Amino acid sequence: MQTNWVVASLLVLLALQGCTPRSDLPLTELLPGVAPGVVTLYSVDKSVGSGFVIGDGLVVTNAHMVARGKLSVTFHDGHKARWQTLVTDEQLDLAIGRVEYAGARQLVLRDQPPLLGETVYALGNPFGLGLTVTRGIVSAEARAIGGERRWQTDAAINPGNSGGPLVDSKGRVVGIVNARAAIGSGIGFAVPMASLRELMQQIPREPGSQ
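Note that the structure is a prediction, hence the values are computed from the model and not measured.

Novice: I'm lost on the overall build of the chain in this one. Help?
Specialist: A count of helices and strands for the chain gives four helices and 13 strands. Out of the 210 residues belonging to the chain, those deemed buried represent 43%. Put simply, of all contacts in the chain between residues at least 6 apart along the chain, 59% involve residues at least 24 apart. Accessible surface computed for the chain: about 11,400 Å², of which carbon and sulfur atoms make up 55%.

Novice: Would you explain the sheet that holds strand β11 (residues 165-167) in this entry?
Specialist: In any sheet, the strands associate via hydrogen bonds between backbone groups, in a parallel or an antiparallel arrangement. One closed barrel holds the six strands; their spatial order is β8-β9-β10-β13-β12-β11, and the pairing between them is antiparallel. Each strand axis lies, on average, 45° off the axis of its neighbour in the sheet, ignoring direction. For β11 and strand β12 (residues 173-180), the ladder comprises three bridges, and the chain directions are antiparallel. By the bridge assignment for β12, Leu166 is matched with Gly175. The sheet contacts of helix α2 (residues 27-34) involve β8 (119-124), β9 (132-145) and β11, and relative to β8 the element is tilted by about 45°. Each of β12 and β13 (188-192) touches helix α4 (residues 193-200); the most contacted strand, β13, lies at about 45° to it.

Novice: What exactly am I supposed to notice about the sheet that holds strand β5 (residues 80-82) here?
Specialist: One open sheet accounts for seven strands, arranged β5-β4-β1-β2-β3-β7-β6; its pairing is antiparallel. The two strands at the open ends of the sheet, each matched to only one other strand, are β5 and β6 (84-89). Going across the sheet, the axis of each strand differs from the next one's by a mean of 30°, ignoring polarity. Summarising the sheet, strand β1 (residues 38-43) and strand β4 (residues 71-74) pair through four bridges and their orientation is antiparallel.

Novice: It is not clear to me how unusual backbone geometry should be interpreted in this structure. Could you clarify?
Specialist: Across residues other than glycine, the phi torsion is negative in most instances, and most of the peptide bonds are trans. Positive phi is not limited to glycine here, since Lys46 has a value of about 75°. Mapped onto the elements of the fold, Lys46 is located in the loop between β1 and β2 (48-55). Backbone geometry at Asp93 places phi at a positive 60°, although glycine is not the residue there. Among the structural elements, Asp93 can be located in the loop between β6 and β7 (94-98).

Novice: Would you mind going over the pattern of salt bridges with me for this structure?
Specialist: Where side chains of opposite charge bring their charged atoms close, a pairing between them can arise. Tallying each qualifying case throughout the model produces five salt bridges. Between Arg110 and Glu118 there is a salt bridge whose closest N-O contact spans 2.7 Å. Here Arg110 and Glu118 have matching classes, each one buried. Because the salt bridges share partners, they merge into one network encompassing Arg110, Glu118, Asp168 and Arg172.

Novice: What is the right way to look at the environment of Gly160 in this model?
Specialist: Considering the arrangement of structural elements, one finds Gly160 in the loop between β10 (148-153) and β11. Ignoring anything within four residues of it in the chain, the contact list for Gly160 reads Val48, Gly49, Ser50, Asn125, Pro126 and Phe127.

Calculation notes
- Residues numbered from 1 in each chain as written.
- Predicted model: local features only at pLDDT ≥ 70, side-chain atom pairs only at ≥ 80, totals over all residues.
- Heavy atoms only, no water.
- Helix = DSSP H or I, 4+ residues; strand = E, 2+ residues; numbered from the N terminus.
- Buried < 20%, exposed > 50% of the residue type's maximum accessible area, 1.4 Å probe, protein only.
- Contact = heavy atoms within 4.5 Å.
- Areas by Shrake-Rupley, 256 points an atom, 1.4 Å probe, with all protein chains shown as cover.
- Pairing = 2+ DSSP bridges.
- Axes fitted to C-alpha atoms, helices over the stretch in contact; angles between N-to-C directions.
- Salt bridge = Lys/Arg side-chain N within 4 Å of Asp/Glu carboxyl O.

Listed below in structure tokens is the structure:
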């Protein structure tokens, strides 16, 4: 009797586990929630980069995009706005700017660092062709690149991806794409979320804010 009870309990447990919904979103469901928060940046020298919305009127991209001069921002719905730099850090290769548009989707920033081998997606506008998503994994733990720690990924990264989000399978941002290896393939890098949060603390407060 006791043996039968144990077997029955195990079968119930397995059945419950099989009914538990997966927390990871299929890509077809993930994209509609993330894509509206991704933007394209154009510089005066016609260079193309990417970025994403992190707050009301706040967009983040790479510092090396800002260094190219005045930027214009095009949102997923086609709305265009001017970029106004609030804070930039060339060492981190991050910049945060203000844009006059309150209707854009804000992306969720993940608190926990990604795991080695975790599936990630890079979103951006490579070669100015329009929104593109590539899939890969976190292929190495954060390592020092150019004096700062970077996540390594094998998700395809090309010119124009700079500043775009690297998101997990729930659509949360785990890094900011900023570079790829000059030689070889399948080696790209992203700035960790800890660096972005550090820079966000430096955003100047508006007059009258607490």
